[in-house]
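One-letter residues, chain by chain:
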Amino acid sequence: MIGQLLSKMPPPKASDWKCWNMSICIALLSKNRKTVVCVTDERVAFGHSFSSDTIAQKTQGLYVHWVALVAGIDTEYADLIIQSARRNLSAHVARTNRPPTGEEVADALQQSYWRKLDELIEYQVLRRHKVTAEKFLRDGKRLFTPTIYDNLRNRMEKVVLRLQFLVCGFDEKHDGHIYIIDGKTPPGTCDSIGMWAIGNGSNSALSSLAFHADKHGLSLYSALEQSIYCALEAKFIAESAQDVGSKGTFVSILEPGNAQFMSDHGVAAIKKKWERQGAPKIPKSALDLIPKLLYGAKPKSKEEAMRTMDAVMGKPGYTKRLAAKREKAKATTAMQPSDSETSGGQR
């Protein structure tokens, strides 16, 4: 019975499953921009039903010395966008007889992104009217009534392509770059800060990276070992976000003409060290201190008022110590001879 019903159902498509937030992707510049560290998980969640932690390759070659990291929901279109960008870059090199600049690489991926979005709009909205997106924008008001035109325009604006890319690589001077592609704005660059993250969990990852930048001097000038560790820690912390995989982690260290990788066993060894020594812990002394730092709105006694003052100042026992110090000073002053007694003794 169930088999008969299933046999009559249309075959499933990737768009039926929707790879919800294929994430996370992290990129850092290191060694004065001579190295790019890329860290991604390998998880894909198919709808809300099932997922795999080690199925997705989110770092793909884009052109010589350039890679693209991808995160998002509509991942069935990611490969097609990257392939289109590769063809455009090859045509650019054949036409100009020179390698593309970083801006041109990022722009090629952005243009491919927009072409795919136009294609989706044409299939989902305009196909039955036999017009392209370009023709609709140029001649739509002439071809359709105002009501139909407005309706189609509203439907077109609701078609979105939920993908993000990090484009990482090196220019002709062998300096590293990180570009952000989201299809909504022109390509942006993270070269000045030397780090970025996309995908689900990116806020947690960026928070971790910002902490290390503030407290430990993480920057595009950092040693490679520090950059790798901080990138991995950012990924470990991002694992608390929904749909970020904890089992598979892909680490690639890129240099002009060279690449190094870290295996899952290597990542597991670093994670074990991090969990034992580096992961944030709750100090028992802080837990013991917290009750002493709480106070009410209206102290009911002098002693409670003193405790309130201590709590406000964050110094338990401070007012009591201050009072004792003042009493000691008074006692010392009382024991000293007065000026009249001193002068009388001299006479």
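What you see is a predicted model; the values in this text were computed from it and never measured.

### Examining the nonpolar core
Okay, so step 1: Formed by 34 residues in total, the largest nonpolar core has its most connected members in L62, L109, L126, L163 and F165.
Okay, so step 2: Elements with a minimum of two residues in this core: β6 (66-72), α3 (78-96), α4 (102-126), α5 (133-143), α6 (146-158), β7 (163-170) and β8 (176-181).
Okay, so step 3: With 10 residues, the top contributor of residues to this core is α4.
Okay, so step 4: Apart from residues no more than four positions distant in its own chain, L62 is found in contact with V67, A68, I82, A85, R86, L89, V105, L109 and V167.
Okay, so step 5: Grouped together as the second largest cluster of nonpolar side chains are 25 residues, M195, A205, A234 and F236 included.

### Focus on the sheet that holds strand β5 (residues 59-63)
Okay, so step 1: Pairing is antiparallel across the open sheet formed by five strands, whose spatial order is β5-β6-β7-β8-β9. In the strand order of this sheet, the two ends are held by β5 and β9 (188-189), each with one partner.
Okay, so step 2: Here α4 sits on the sheet and contacts β5, β6, β7 and β8; the angle it forms with β8, its principal contact strand, is near 20 degrees.

### Section: the confidence of the model for the chain
Okay, so step 1: Averaged over every residue, the pLDDT of the chain is 84; the share at 70 or more is 84%.
Okay, so step 2: When the criterion is pLDDT under 50, residues 12-20 qualifies, and its contacts beyond four places in sequence or with other chains add up to 27 contacts.
Okay, so step 3: Low pLDDT (under 50) marks residues 48-54, which in the prediction has 18 contacts with non-local residues, meaning those over four places away or in another chain.

### Considering the pairing of strand β11 (residues 249-255)
Okay, so step 1: The element β11 is extensively covered by neighbouring structure, given that seven of its seven residues are classed as buried.
Okay, so step 2: Covered by surrounding structure in β11 are T249, V251, I253 and E255 together with F250, S252 and L254, the residues of both alternating faces.
Okay, so step 3: Where strand β2 (residues 35-41) lies against β11, six bridges are found, and the strand directions are antiparallel. In the strand pairing of β11, V36 is matched with L254.
Okay, so step 4: The pairing of β11 with strand β12 (residues 258-262) spans five bridges and is antiparallel. Considered in β12, the bridge of I253 is made with Q260.
Okay, so step 5: Turn length for the β11-β12 hairpin, with the two strands adjacent in sequence and antiparallel, is two residues, and the turn residue G257 shows positive phi of about 80 degrees.

Scoring rules and cut-offs
- Residues numbered from 1 in each chain as written.
- Predicted model: local features only at pLDDT ≥ 70, side-chain atom pairs only at ≥ 80, totals over all residues.
- Heavy atoms only, no water.
- Core = buried A, V, L, I, M, F, W, Y, C linked by side-chain atoms within 4.5 Å.
- Buried < 20%, exposed > 50% of the residue type's maximum accessible area, 1.4 Å probe, protein only.
- Helix = DSSP H or I, 4+ residues; strand = E, 2+ residues; numbered from the N terminus.
- Contact = heavy atoms within 4.5 Å.
- Pairing = 2+ DSSP bridges.
- Axes fitted to C-alpha atoms, helices over the stretch in contact; angles between N-to-C directions.
- pLDDT = per-residue confidence, 0-100.

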